[in-house]
Structures are given as structure tokens and as C-alpha cells.
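# Inside the fold
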Amino acid sequence: MFTYIVRRFLQMIPILILISILTFLLLRLSGPDPAEYMIMLNPRVHPEDVLREKMRLGLVDASGKPLPLYVQYFYWLKQIMQGEWGWSRIWPSQTAFGAIMLFLPNSLILMGFSLLISLIIAIPIGIYSALRQYSTFDYTFTTLSFLGMSLPTFWLGLMSIIIFHLIPSRLLGFPLFPAGDIMSFGKPYQGTFYDRLWHLFLPTMVLAIYNMAHWTRYMRSSLLEVIRADYVRTARAKGLPENKVVYKHALRNALIPMVTILTLSIPGLFAGAVITETVFAYPGVGRMLYQAVLGKDYAVAMTDILFLAVITIIFNLVADILYAVVDPRIRYS
Amino acid sequence: MAVADVTVELAPSFSYWQMVWTRFRKHKLAMFGGAVIIFMILACYAGYPLYVYFTGNDYVSQDLTGRYALPSAQHWFGTDDLGRDVVARILYGGRVSIAVGFISAVASVVIGSLIGVVSAFFGGWIDEALMRFTDVMMSLPYIPLYLVLAMAFGPGFWTLVGIFVAFGWMGDARLVRGVVLSLKNMEFVEAAKAVGASNWRIMVRHLLLNSMAPIIVSTTLAMGGNIVGEAALSYLGLGIQPPLPSWGNILQTAAEYIFAPGNGPWLIFYPGFFLFITVLSFNFMGDGLRDALDPRLKI
């Protein structure tokens, strides 16, 4: 097991190097560099200032000649390794990493809540569906989960704004739920716990409905997988009460793949939900990345992508290790 | 010696595709999905010119004095912020959305299948290299990369298709590799080798054709997924660019003016509803095809 973990750690290195090369190439090839932005923003900027900026970024050598791409790459890599993420262009006086940390908590709250709500609802439904396969209950929820999976989140979000904000404010004079943001500004109750919860409700529900559909299907199929296994038949044959068979023998084994899927979905918490956050003008990392891309804030965009790639790889490894921990039949060597 | 007069009653024999069709027909939701998809394609490709012919509304002509018209016999779903007919825009936009979904799903399946079959058939370092590359591509955070790539290459139809293909083939490659690994040591492959078939012929005619079931299911599901993907990126303004309509950017324009006086909620409802019904149909059909093509299949 220990050698397996060490080997997996060593395998992460080439993957990280490849990702850093891809990220670097995207950064360099996708438009003007920050120094050229200085000229675009202020045409009267001194050429010496531009040159100094280019040298600081490792784009040219002392005589002003452009450096080859691979030298630029190593220079960039060195800066990244030293924690020099670069400065944000659209969030003033923030480093690229600082900007991410500014928006990350909001996303973690939103994504965490919706994941929790969807798990609490989806897992019992999935279990019951699998135990009563082909019953009316099963058909109803299987069809509903197809509906949930096919609902575009931005459409669901907009429809919920229409139903819970637009129509009530026109008919009743006040909205049932706010259309966006994380708190009401300029109100006496600005930023209180309930105010925040009130703002969190619609985006959380939209994401939860979408997640629920997937989790119900995962739970149902992973329980169906084990319910016909020989050891479950043995448990029944030796006369165990049905709920012991289900909850002790079948369910515990069915939860093993669920642990893996859950671990693999954790990087999603750090990515935020670009679309739902944009629909609800919710200041999370997903919308931050969208704004960084639109505003050509490449330092922030690239740092975020690199950060997410590292988190994704780490949780892939965690999932593999957890799999061996929860399932003693798996032996890594 | 007289031979007794016997008539042999043979059970009617069915070909593979007849059995597939029999099983598919029993799946009511999949039949519904198939019917909706055929209807959508007919409506967008044949229905649009008919609609233009009978009502005289096309998807670009503006009528600034008739903005936000209510649904009527002249404009079935009303008009948008520039007085354009919403039905015409949805029908024409449907062509764009369905085309993005179809082209990118087929292209990524072709690429994924080829990588999968080459990887499994040759094995060794080729397999190792291709699968490591697949792993790297899978560990990239793809939604942020969609945004950056769409911005870098300039948003548009072919950029969208390119992005969906670049990040869509990995699942198919793994799927096909798995199937081919279990097929490649079977007798029919050995027989093909014995009669001197080329590697290419074995890979395409024998191995890929025998892994069609998962490939077809995965293509169907990918079409639905890519249609939502198109709509999502167009909604963010990084997909199909106006004046060319797509379900995503029709929705985006409607959403931008969500609080404008006169902007009816139906302007947001209709494009999203068409999108939802189409994607739902692709998902139902994929589910039905999975049961019909190979009941033991797990995707």
C-alpha cells in the first residue's frame, strides 16, 4: 500500500508538468501579453517601461530580443514555483491567488450546501428505487431523474427567478426570493445570517435538483449491482431478517463506489458553478473565472486552472486510496 | 424404405437489428424520445422554410415598432427585443444547436474509437502512451478551459465544435479500449490474421464493428450533452455569436432584458423548453438504445 501511494505520487509529476506546459501555451498563445496591454491601455507609455515590464515577465532578454518559447516557459515555471502568481488585472491590488481566495468561500458554501441537500434526498430515493425495482415508485423517480439531468441549469435558474422574483414582485409588490447576489445591500438586515440564507436559497435549489438526478441514479444502480450478489443470497438463505440483509450486507457494499464518486466530485466544489453563479450574479470562483476570461485577466484565469488541475489530480489519488481503505478486497501493490 | 412425411416448423428467425428494433419499441420513453428528435429535425430543417413562406417572418428581419409583441396568429410566440419573430429564431437556432451537437458528438466518437482501438490492439508502449495522455486530458478542469479556449480562438460555430471534440473523446477511447481488449484474443480475430488481413482491416472491420453497441449509445448521449454545452457557452456569450441564432443565445438575449418592461416570461420559457425537450429525448433514446443494443451493457 505504501509503495503504491509513493508510486502514484511519482506518477503525478509528469502529469503536472504536462498540465503546466498546456496552461503556459494557452496563456502565451491566447492573445497579447500583459506588457502589450500597457500600450493598449495607455498609448503614450514609455517604451523603456514596456521593455522593463517584458524583461520582468521573462519575455525578452536584456537587449530586447524575444526569448525562445521554452526559455519563457522555464522562467514562468520558476515564478510559479516561487509563489509569484502575478497580479490581477480587474481586481485591483489582488494577486491572482488572492483573487481566488476572495471568491472561493462563497463557492464552497453554495456547492457544499447543494451537494449536502442532494445527497440527503437522493440516497434514500435511490435505495428505495433499487429495493422496489420496476415498481411505480421506481419508474416515477427514474423518469424524474432523467428530467432533472436534462434540465439546463441556466434555464431552470432563469425560470426560478421569473417564478419566485419577477412575478411576485409584479403581482404582490415584493419578491419571494431575491434574484441574485449574496446579501441585500443598503437594508438594515444587510449581511445577517437569514439574509444570506435567503439569497442562497434559489441557486442552491437549482444546483441541488441537478445533482439529485445524478446521485439517485448512481445510488440505484450501485445497489442493484450488489443486491443480486451471491453473498446477499447467502445472507437471505441463512435466515437473516430482511433489513439486516439490506442494510448490513447489501448497502454497505453498494456504498463503496459511492465513496469514490463523492471523492471525485469534491474538486467541483473548488471549481464553483460558472453558469448558475452567473445567472444569479453570485460572487463565486466560477463567475470570477468567467469575468477573468472576459476581462482578459490571464494571470487569474491561468492560476485558477492550474489550481483546479492540482486539486483534481490530488482527489483522483485520494479516491484510489480510499477505495482500497473501504474495500479490503482491493489490494494495491 | 419410405421416409415419413414430416414438415418441420422452423421458429421464425430474426436478424440482430430486428431484435434490437423489437426491444427498442418496448421502451416507451425511448420511442417518445426518438419521435421528438425526428419532429425537431423536421421542424428546424423543413418547418422553417414553410413557416417563412406562410407567415413571412424570417429569423433576422427586425421590426422596431413591433418590439415585444404578444403571441398572435402573425407571431406565434411573439417578438423579441428587436421585434424579430421568436418562432423563426427558435426554428433556425435549432438547426445551429442540433448541428453543433451532431457534428461534435460524431467527430469525438470517431477520434475516441480510433485511439481506443489502436491502444488496445497494439498494446505495449503505444497503449501506455495513449492512455497516459487520456488520463491527463481527463484530469484537466474542462469547464474553465472551455471558457479560455473559446476566448482564445474567438467564439463561433467551429470553435465550439473543436472544443467539444478536444474534450469529448476520452470517455469513448476508454470504452472502446475496454471492449477491444476483451475481443482481440478471440478466434475470429485469429482467423482474420490467419487469412492475412491487414492490421487496419482487423481494427476497423472486426474490432470496431463488434464494439458498435457502446459506441452508438455513447454518441447518442454525447449529442444531448453537447447541445446543452453549446447552449451554456452561448448563454455566457462565448458560443454562437449573433446575428446567427442558437437556443443558447436566444435565451441569453431574453435573459439580458429579463427585467425590461414588456419582456414576457415566455421569451425565456420557449427557447429553454425546446432545448430541454430535445436533450431529454436524446437521453431517453440513449437509455432505450442501451437496453436494445446489448442488455448487458453498462455505461
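Residues numbered from 1 in each chain as written. Chains lettered and ligands numbered in written order. Predicted model: local features only at pLDDT ≥ 70, side-chain atom pairs only at ≥ 80, totals over all residues. Heavy atoms only, no water.

### Things to note about the overall build of chain B
Regarding its fold elements, chain B presents 12 helices and zero strands. Reading chain B from its N end, one meets helices and strands in the order α-α-α-α-α-α-α-α-α-α-α-α. The C-alpha atoms of chain B give 24 Å as radius of gyration, which overshoots the globular expectation for 299 residues (19 Å, by more than 25%). Principal-axis analysis of the C-alpha atoms places the extent of chain B at approximately 95 × 60 × 25 Å. When burial is assessed residue by residue, chain B has 53% of its 299 residues classed as buried. (Helix = DSSP H or I, 4+ residues; strand = E, 2+ residues; numbered from the N terminus. Rg over C-alpha atoms; globule rule 2.2 N^0.38 Å. Buried < 20%, exposed > 50% of the residue type's maximum accessible area, 1.4 Å probe, protein only.)

### Things to note about the overall build of chain A
The secondary structure content of chain A amounts to 13 helices and zero strands. The C-alpha atoms of chain A give 25 Å as radius of gyration, which overshoots the globular expectation for 333 residues (20 Å, by more than 25%). With respect to the three principal axes, the spread of C-alpha positions in chain A is 85 × 65 × 30 Å. When the 333 residues of chain A are sorted by exposure, 46% land in the buried category. In chain A, the share of contacts with a sequence separation of at least 24, taken over all contacts with a separation of at least 6, comes to 66%. (Contact = heavy atoms within 4.5 Å.)

### Focus: the nonpolar core
Grouped together as the largest cluster of nonpolar side chains are 160 residues, with contacts concentrated most on Phe154(A), Leu223(A), Leu147(B), Trp247(B) and Ile268(B). It is helix H12 (residues 266–293) of chain B that contributes the most residues to this core, 15 residues altogether. If we skip the residues at most four places from it in the chain, Leu223(A) touches Ile127(A), Ala130(A), Leu131(A), Ala250(A), Leu251(A) and Ala254(A). Membership of the second largest hydrophobic core comes to 15 residues, among which are Val109(B), Val117(B), Val180(B) and Ile215(B). (Core = buried A, V, L, I, M, F, W, Y, C linked by side-chain atoms within 4.5 Å.)

### Observations concerning the confidence of the model for chain A
Per-residue confidence for chain A gives a mean pLDDT of 85; residues scoring 70 or more make up 96%. Mean pLDDT values over the elements of chain A span from 70, in helix H2 (residues 34–41) of chain A, up to 92, in helix H5 (residues 96–131) of chain A. (pLDDT = per-residue confidence, 0-100.)

### Examining the interface of chain B and chain A
Taken together, the contacts link 38 residues of chain B with 43 residues of chain A. Summed over both sides, the interface of chain B with chain A buries roughly 3,600 Å², with 83% coming from carbon and sulfur. The tally of links between chain B and chain A comes to zero salt bridges. Inspection of the chain B/chain A interface yields four residue pairs in polar contact (both at pLDDT 80 or more). Of the residues forming the side of chain B that touches chain A, the biggest block, 12 residues, is contributed by H12(B). For the side of chain B that touches chain A, the residue count by class is 32 nonpolar, three polar and three charged. (Buried area = accessible area lost by both parts, 1.4 Å probe. Salt bridge = Lys/Arg side-chain N within 4 Å of Asp/Glu carboxyl O. Polar contact = N/O pair within 3.5 Å; in protein donor to acceptor, adjacent residues only side chain to side chain. Nonpolar A, V, L, I, M, F, W, Y, C, P; charged D, E, K, R; others polar.)

### Let's talk about the side chain of His199(A)
Residues and elements named next belong to chain A. One can find His 199 in helix H8 (residues 193–227). At 2.9 Å, the side chain of His 199 and the backbone oxygen of Asp 195 are in polar contact. Ignoring anything within four residues of it in the chain, the contact list for His 199 reads Pro 178, Gly 180, Asp 181, Ile 182, Met 183 and Ser 184.

### A short note on empty space enclosed by the protein
To find leftover empty space, one rolls a probe the size of a water molecule over the atoms. All names here are of chain B. Within the structure shown, the criterion is met by one cavity of 30 Å³ or more. In terms of lining residues, the largest cavity is bounded by Tyr 68, Asp 80, Asp 81, Arg 84, Val 86, Arg 89, Ile 250, Thr 253, Ala 254, Tyr 257, Asn 263 and Leu 267. Looking at the lining of the largest cavity, the elements that each hand over two or more residues are helix H3 (86–122) and helix H11 (247–256). The leading source of residues in the lining of the largest cavity is H11, at three residues. The residue inventory of the lining of the largest cavity, partitioned by class, reads six nonpolar, two polar and four charged. (1 Å grid on protein atoms, 1.4 Å probe; cavity = no way out; pocket = protein on both sides within 12 Å on 5 of 7 lines; lining within 4 Å. Points joined across faces, edges and corners; volume = space filled by probe spheres on them.)

### A short note on the pattern of salt bridges
All names here are of chain B. Summed over the entire model, instances satisfying the criterion amount to eight salt bridges over all chains. As a salt-bridge pair, Asp 127 and Arg 177 come within 2.8 Å of each other at their nearest N and O atoms. Here Asp 127, found in helix H4 (residues 124–139), pairs with Arg 177, found in helix H7 (residues 170–183); they are 50 residues apart in sequence, far enough to count as distant. Classification of Asp 127 by relative accessible area gives buried; the value is 13%.

### Comments concerning unusual backbone geometry
Residue Pro243(B) is bonded to the preceding Pro242(B) through a cis peptide linkage, with omega at 15°. Along the polypeptide, Pro243(B) turns up in the loop between helix H10 (212–235) and H11. For Tyr134(A), which is not glycine, the phi torsion reads 70° and is therefore positive. Looking at where Tyr134(A) falls in the secondary structure, it is placed in the loop between H5 and helix H6 (136–150). For Tyr134(A), a relative accessible area of 57% puts it in the exposed group.

### A few points about the packing of helix H1 (residues 16–26) of chain B against H12(B)
Residues and elements named next belong to chain B. Where H1 contacts H12, the axes come no closer than 8 Å and their chain directions differ by 130°. As far as their axial angle goes, H12 and H1 are oblique. As for how H1 packs across H12, the hand of that crossing is right-handed. Of H12, the residues touching H1 (which contributes Tyr 16, Trp 17, Val 20, Arg 23 and Phe 24) are Met 285, Gly 288, Leu 289, Asp 291, Ala 292 and Leu 293. Grouping the amino acids of the contact of H1 with H12 by side-chain chemistry returns eight nonpolar, one polar and two charged. (Axes fitted to C-alpha atoms, helices over the stretch in contact; angles between N-to-C directions. Parallel < 35°, antiparallel > 145°, perpendicular 65-115°, else oblique. Left-handed = near helix turned anticlockwise from the far one by under 90°.)

### Things to note about H10(B)
Residues and elements named next belong to chain B. The end-to-end C-alpha distance of H10 is 34 Å, a good match for the 34 Å that 24 residues give at a rise of 1.5 Å each. The element H10 is extensively covered by neighbouring structure, given that 18 of its 24 residues are classed as buried. Just beyond H10, the residue with positive phi is Gly 237, at close to 85°. (Expected span 1.5 Å × (residues − 1).)

### Focus on the environment of Val117(B)
Residue and element names in this part refer to chain B. Mapped onto the elements, Val 117 comes out in helix H3. We classify Val 117 as buried; its relative accessible area is 1%. The sequence separation of Val 117 and Asp 127 amounts to 10 residues, and the corresponding C-alpha distance is 9.6 Å. Excluding residues that lie within four positions of it along the chain, Val 117 makes contacts with Val 176, Val 180, Met 203, Leu 207 and Leu 208.

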